[in-house]
Number of protein chains: 2
Amino acid sequence: MLIEIDFNSEEALYLQLRNQIIMGIATMELREGDSLPSVRQLAETIGINMHTVNKAYTVLKQEGFVKVDRRRGAVIAVNLDKMKALEELKQELLVVLAKSSCKGISRQEVHVLIDELYSEYGSID
Amino acid sequence: MLIEIDFNSEEALYLQLRNQIIMGIATMELREGDSLPSVRQLAETIGINMHTVNKAYTVLKQEGFVKVDRRRGAVIAVNLDKMKALEELKQELLVVLAKSSCKGISRQEVHVLIDELYSEYGSID
DNA sequence: ACTCTGTTATAATAATTCTATAACAAAAGA
DNA sequence: TCTTTTGTTATAGAATTATTATAACAGAGT
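A short tour of the structure in this document, coming up. (Residues numbered from 1 in each chain as written. Chains lettered and ligands numbered in written order. Predicted model: local features only at pLDDT ≥ 70, side-chain atom pairs only at ≥ 80, totals over all residues. Heavy atoms only, no water.)

Once chain A is rotated about the relating axis by 180° and shifted along it by 0.0 Å, it coincides with chain B to within an RMSD of 0.0 Å. What the rotation and shift describe, once combined, is the action of a two-fold rotation axis. Ranked by how close their C-alpha atoms come to the rotation axis, the residues of chain A are headed by A:His111, at 3.3 Å. Comparing interface residues between copies, 100% of those in chain A also sit at the interface in chain B, which points to an isologous, same-surface contact. (Least-squares fit on C-alpha atoms with pLDDT ≥ 70 in both. Contact = heavy atoms within 4.5 Å.)

This part covers the pairing of strand 1 (residues 66–69) of chain A. Residue and element names in this part refer to chain A. As paired strands, strand 1 and strand 2 (residues 73–76) are joined by four bridges and run antiparallel to one another. Paired with valine 68 across the bridge in strand 2 is alanine 74. Connecting the antiparallel pair strand 1 and strand 2 is a turn made up of three residues. (Pairing = 2+ DSSP bridges. Helix = DSSP H or I, 4+ residues; strand = E, 2+ residues; numbered from the N terminus.)

If you look at the interface, chain A gives 48 residues, while chain B gives 48 residues. Across the chain A/chain B interface, buried area totals approximately 5000 Å², and carbon plus sulfur atoms make up 70% of it. Among the residues chain A hides against chain B, the three largest losses belong to A:Lys99, A:Lys103 and A:Tyr118. Together they make up 16% of the total. In this assembly, chain A and chain B are joined by ten salt bridges. The closest approach of N and O atoms between B:Lys90 and A:Glu116, which form a salt bridge, is 3.0 Å. For the pair chain A and chain B, the interface holds 29 residue pairs in polar contact (both at pLDDT 80 or more). Within the residue set of the side of chain A that touches chain B, elements represented by two or more residues are helix 1 (13–26), helix 4 (82–102) and helix 5 (107–118) of chain A. Considering every element that reaches the side of chain A that touches chain B, the biggest residue donor is helix 4 of chain A, with 17 residues. (Buried area = accessible area lost by both parts, 1.4 Å probe. Salt bridge = Lys/Arg side-chain N within 4 Å of Asp/Glu carboxyl O. Polar contact = N/O pair within 3.5 Å; in protein donor to acceptor, adjacent residues only side chain to side chain.)

Have a look at this one:
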């Protein structure tokens, strides 16, 4: 999987990494059981420090997207805690939607955008 | 408007402040033309530094939610750059929805959540 | 034996966040 | 006119976070 880091971005490197891997899982470019590169290997490929990659992997483990195996490294393994995920989603949308509402974006326009984005992810329904 | 700051939150104080004011505008608790407290006054009320409030106001100005007047202080004045807002919304939803998709939250469930949240905001449609 | 894995420890640097004082000019009110 | 209040700016210190740099360890694969 191709990972691109923007060194001029304000977003922390380990978060850019985390986000791209999550999007990789969502688009099914990464599937359950797939191994991610080792922390050292990926660090060298991207040109960043080992610990920065390790931090991204640790966050992904914490958030239930991978399991880390001593032998196989980080393996995609999504923990489906839907209730928790829904609560988090609600919290994250709270401010984002407040912003869009202020800016005159209608409910329907948000729905269209949701459909557009969700169509690129491997949702079941 | 009541503002509550969580000093144990990981979120920066100035961002908590910014977010609550945006939500105040969305819920129409704050309306076009309303003045916000002066930076010093609000800082004292909340119990934080003047510059932290000033930073929140500066960000809100930058993002087009208030205009800052030398005499009246920060005044609610939403700049309706819808195209820009839509682009930002899309960018913000990209990762948020990837996460929810991974966690097995369906498109419909997101729609329900959107409606639930939007109903609390003063959207026109 | 050798290599590769994640993990841990320590340390230095840089950037961000928050606070603390202080001062300034513009405007409002007495 | 005098005083107060406004946003704004400057400077500086403390605390936290992000990133990098070495180094070492034990477990597993070859």
